[in-house]
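Coordinate inspection notes
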Amino acid sequence: MAGVTSSPFRLLCRRYGAGMSFSELVSSNALVMGGAKSQEKSHQLAWFCEEERPVAVQIFGADPVMMREAATIIAATKPDAIDINMGCSVPKIAKCGAGCLLLKTPDLAEQVIAATVEGASVYGVPVTVKMRAGWDERNIAAPEVARRAEAVGAVAVSCHPRTAKQAFTGLSDWSVIRRVKESVSIPVIGCGDVHNGADAKRMLEETGCDAVMIGRAAMGNPFLFASVAQYLKDGSQAEEPTAQDKIDTALWHGRELAKLKGEHTAMNEMRKHAAWYTKGMPESARLRERLCRVASMMELEEILADCLVASQNFDAWREESRLAKESDLAAAH
């Protein structure tokens, strides 16, 4: 979710019903030992606004000393939690010994968690741990690492039950979440293959987890949280967002991102966001070519306006076709 869960996107998710959000990954080494530019970028990644609360800042690293210092620095900004990432399988994270690679060394993982808890405690900020099932199918370490996390002071754990070797391929094994839940007394958050309210309800029932985390399914679709919340409340299906809803949300997202990161950086990020928002809309494939090169907010507005017109024209054609078909059926009778 790097390059996705910036403050504007998190705020959208919260407004649509997400119970909590998590920041992008922040490197403990960059935060503590990096140069001025590196530290500035790290602080920008960790920045959040009050309206986002509850919000957790997500950090990673494999050096307990660096993690302790980074946790203290982040805790001073008073997030609602600091989350240790032990789930990222991206090579540049894993090659540093961090992310999911820590699941191969439970002793070091425990030291990292303990040090983070110690650093965060200076400002009374709780620590949570996000993990995968394990490194591979022969090494399912999540239950053991969860027990160790609880023992050294973590207040909750989340589990994505794919292995690091799987990355995002195949199906997640929800039975691992159940095993983690049975291993600890602290709250357990389940994650993986949740695309709608029915999936969320089934995960809660099958695993006994205390909450459900949604990641990739929300890309370009913050509306999903409202849909899931409604289904969990009364079992009903929420109405699908309209093309107007999607375009308005994409434009708000782009404008807020430009305020936060500057127009150049924001538009580089919005290329993928805008493609996600417009996926499946009429002529989106053609317009996506333009979105992949968008360089200014004005250009983004023009392309999304074209996308909306195409969608409205398609809806009008579909309605005319429906009425014509009904008229033909009536005439036949």
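Everything that follows concerns the structure shown earlier in this document.
What comes next is a walk through the structure. Keep in mind the model is a prediction, meaning the values are calculated, not measured.

Another aspect to go through is the overall build of the protein. The secondary structure content of the protein amounts to 14 helices and seven strands. Its C-alpha atoms give the protein a radius of gyration of 22 Å, near enough to 20 Å, the size a compact globule of 333 residues would have. Dimensions of the protein along its principal axes, counting C-alpha atoms only, are 75 × 45 × 35 Å. Taking all 333 residues of the protein together, the buried fraction comes to 48%.

The next point concerns the environment of Glu240. For Glu240, the position within the fold is in the loop between α10 (224-234) and α11 (243-261). C-alpha of Glu240 to C-alpha of Ser227: the two residues are 13 residues apart in sequence and 8.5 Å apart in space.

In this section: unusual backbone geometry. For the bond from Arg53 to Pro54, the omega torsion is 0 degrees, close enough to zero to count as cis. One can find Pro54 in the loop between α3 (36-46) and β2 (55-60). You will see that Lys78, though not glycine, has its phi angle at about 60 degrees, which is positive. Within the secondary structure, Lys78 is located in the loop between α4 (64-75) and β3 (81-86). With relative accessibility at 42%, the residue Lys78 sits in the partly exposed group. Even without a glycine there, the phi angle at Ala167 is positive, about 55 degrees. As for its placement among the helices and strands, Ala167 is situated in the loop between β5 (156-160) and α8 (174-183).

This part is about the pairing of β2. For β2, the buried fraction is high: six of the six residues fall into the buried class. Note that strand β1 (residues 21-27) and β2 share five bridges and pair parallel. Counterpart to Ser21 in the pairing with β2 is Val55. Relative to β3, β2 is paired through four bridges, and the arrangement is parallel.

One finds Ile82, Met86, Ile113, Val129, Met131, Val157 and Leu300 to be the most contacted residues of the largest nonpolar core, which totals 83 residues. Sequence-distant contacts of Met131, that is, excluding residues within four places in its chain, are made with Met86, Gly87, Leu103, Ala142, Val145, Ala146, Val157, Ser158, Cys159 and His160. Core analysis: the second largest hydrophobic core is formed by six residues, Phe22, Ala81, Ile189 and Cys191 among them.

Quick look at helix α6 (residues 106-120) now. In an α-helix, one turn spans 3.6 residues, which is why side chains three or four residues apart end up on the same side. With 15 residues, α6 ought to run about 21 Å at 1.5 Å a step, and its terminal C-alpha atoms sit 21 Å apart, in line with that. Tucked inside the fold, the buried residues of α6 contact β2, α4, β3, β4 (127-132) and α7 (142-151).

Its place among the elements puts Arg132 in strand β4. In this structure, Arg132 is buried with no salt-bridge partner, the nearest side chain bearing the opposite charge being Asp193 at 9.9 Å. Only 2.7 Å separates the side chain of Arg132 from the backbone oxygen of Gly87, close enough to count as a polar contact. Setting aside residues up to four positions removed in sequence, Arg132 forms contacts with Met86, Gly87, Ser89, Cys100, Leu103, Ala142, His160, Arg162, Thr163, Ala164, Ala167 and Phe168.

Their axes nearest at 9 Å, the elements α7 and α8 cross at an angle of 30 degrees. By the angle between their axes, α7 is roughly parallel relative to α8. Relative to α8, α7 is oriented so that their crossing is right-handed. Along its contact with α7, which presents Ala142, Pro143, Ala146, Arg147 and Glu150, the element α8 presents Val176, Arg179, Val180 and Ser183. Across the contact of α7 with α8, the residue classes tally to five nonpolar, one polar and three charged.

To continue, consider the environment of Gly17. With respect to the helices and strands, Gly17 occurs in the loop between α1 (7-15) and β1. Each C-alpha atom of the pair Gly17 and Ala76 lies 27 Å from the other, and the pair is 59 residues apart in sequence.

Scanning all chains against the criterion turns up one aromatic pair. Summarising the aromatic geometry, the rings of Tyr16 and Phe223 are spaced 5.0 Å apart at their centres and angled 70 degrees between planes, so their arrangement reads as edge-to-face. In this pair, Tyr16 sits in the loop between α1 and β1 while Phe223 sits in the loop between β7 (211-213) and α10, placing the two residues 207 residues apart along the sequence. What makes Tyr16 partly exposed here is its relative accessible area of 29%. For Phe223, a relative accessible area of 8% puts it in the buried group. The ring of Trp135 carries the charged tip of Lys104 above its face, separated from the ring centre by 4.7 Å. The ring centre of Phe22 lies 4.5 Å from the NZ or CZ of Lys130, which sits over that ring.

Parameters and conventions
Residues numbered from 1 in each chain as written. Predicted model: local features only at pLDDT ≥ 70, side-chain atom pairs only at ≥ 80, totals over all residues. Heavy atoms only, no water. Helix = DSSP H or I, 4+ residues; strand = E, 2+ residues; numbered from the N terminus. Rg over C-alpha atoms; globule rule 2.2 N^0.38 Å. Buried < 20%, exposed > 50% of the residue type's maximum accessible area, 1.4 Å probe, protein only. Pairing = 2+ DSSP bridges. Core = buried A, V, L, I, M, F, W, Y, C linked by side-chain atoms within 4.5 Å. Contact = heavy atoms within 4.5 Å. Expected span 1.5 Å × (residues − 1). Lys, Arg positive; Asp, Glu negative; His and termini not counted. Salt bridge = Lys/Arg side-chain N within 4 Å of Asp/Glu carboxyl O. Polar contact = N/O pair within 3.5 Å; in protein donor to acceptor, adjacent residues only side chain to side chain. Axes fitted to C-alpha atoms, helices over the stretch in contact; angles between N-to-C directions. Parallel < 35°, antiparallel > 145°, perpendicular 65-115°, else oblique. Left-handed = near helix turned anticlockwise from the far one by under 90°. Nonpolar A, V, L, I, M, F, W, Y, C, P; charged D, E, K, R; others polar. Phe/Tyr/Trp six-rings, centres within 6.5 Å; stacked < 30°, edge-to-face > 60°. Lys NZ or Arg CZ within 6 Å of the ring centre and 35° of its normal.

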